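Listed here are the chains, written in short residue letters.
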Amino acid sequence: MVEEKEGSGSSKPAGDSSPQLQEPLGHVKKSKQQVSEGFTIKAMMKNTLVRGPPSAGAFKERPSKPTIFRKFYERGDLPVALDHDSKGNRIAWKVEIETLDYNSYLPIFFHGLCEMTFPHEFFACQGIHDMLEHGGNKILPVIPQLIIPIKNALNLRNRQIICITLKVLQHLVASADMVGRALVPYYRQILPVLSIFKNMNVNSGDGIEYSQQKRENIGDLIQETLEALERCGGENAFINIKYMIPTYQSCILN
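Not measured: the values here are computed from a predicted model.

Caption draft 1: A look at the packing of aromatic side chains. In this structure the tally under the stated criterion is seven aromatic pairs. The interplanar angle of 40° and the centroid separation of 5.1 Å between the aromatic rings of Tyr-73 and Phe-123 together place this pair among those described as tilted. Here Tyr-73, found in helix α1 (residues 68–75), pairs with Phe-123, found in helix α3 (residues 120–135); they are 50 residues apart in sequence, far enough to count as distant. Classification of Phe-123 by relative accessible area gives buried; the value is 1%. Geometrically, the ring pair formed by Phe-118 and Phe-122 is tilted, given 6.1 Å between the ring centres and 40° between the ring planes. Owing to a relative accessible area of 47%, Phe-118 belongs among the partly exposed residues under this scheme. Feature note: the residues Phe-69, Tyr-73, Trp-93, Phe-109, Phe-118, Phe-122 and Phe-123 constitute an aromatic cluster, connected by ring pairs. The residue whose ring lies beneath Arg-75 is Phe-72, and the NZ or CZ to ring-centre distance is 5.0 Å.

Caption draft 2: Representation of the pattern of salt bridges within the structure. Counted according to the given criterion, the structure contains seven salt bridges. Between Arg-70 and Glu-115 there is a salt bridge, with its nearest N and O atoms 2.7 Å apart. Remark: Glu-115 occurs in the loop between α2 (102–111) and α3 and Arg-70 occurs in helix α1; sequence separation between them is 45 residues. Assessed through its relative accessible area of 22%, Arg-70 is described here as partly exposed. On the basis of relative accessible area, Glu-115 is assigned to the buried category, the value being 7%. Measuring nitrogen to oxygen at the nearest pair gives 3.9 Å for the salt bridge that ties Arg-231 to Glu-227. In this pair, Arg-231 and Glu-227 both sit in helix α8 (residues 218–232), four residues apart, roughly one turn of the helix. Arg-231 sits in the exposed class, given a relative accessible area of 52%. Given a relative accessible area of 22%, Glu-227 falls into the partly exposed group. The network of salt bridges with shared partners includes Arg-70, Glu-74 and Glu-115.

Here is what the cut-offs are and how they apply
Residues numbered from 1 in each chain as written. Predicted model: local features only at pLDDT ≥ 70, side-chain atom pairs only at ≥ 80, totals over all residues. Heavy atoms only, no water. Phe/Tyr/Trp six-rings, centres within 6.5 Å; stacked < 30°, edge-to-face > 60°. Helix = DSSP H or I, 4+ residues; strand = E, 2+ residues; numbered from the N terminus. Buried < 20%, exposed > 50% of the residue type's maximum accessible area, 1.4 Å probe, protein only. Lys NZ or Arg CZ within 6 Å of the ring centre and 35° of its normal. Salt bridge = Lys/Arg side-chain N within 4 Å of Asp/Glu carboxyl O.

Spelled out as structure tokens, the structure:
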């Protein structure tokens, strides 16, 4: 018999494997974080990053839609034309303002407060001021029809439109007797947006804020408008303003 030579076999003994690399001491294996919504089961697991709540969008501008004013203007149904003067643009009325049917035309012009392009926004804004200046006793019966256009303009939350609407409100309150009192029942439709922007003032430090001179500072305009509403709204105006805007302080009682 032929004796087998030691070491002639190429097989390795069982359990013999190549040495593995060991991790250094103190090394912690990092696991990838997963992002999860709040108030879920996954949010309570380890290595989970909970996503914060989305912004409420209280100051976010809303898109504007085509208005009735644009439709009537493009059809040529409004008795207005653009007149270029050395002092700037102004409205040339084709008829006497006093002879206009305020029940029909004044709400249409108020719907134009949502317009942001020239010449629609110019005709709407200037037309409202002209009609309020010459309206007199014709304005009071139309007040209920003006609330929805004012509310829609404020709800766009566009800074320029809010400033224009506030100036129109100040003119509307002082345009005729009893108009301020007639607006008191509609404070719940008008004042919610003013409560959001009431404290929006520019902190410029020792610099100059030119929007105050141009009357384009929203915080100051809202304060002026609320004071005008209180002065012209009678004895129930302050309590209704205070109900909608708790931080408002009376300009009469103080």
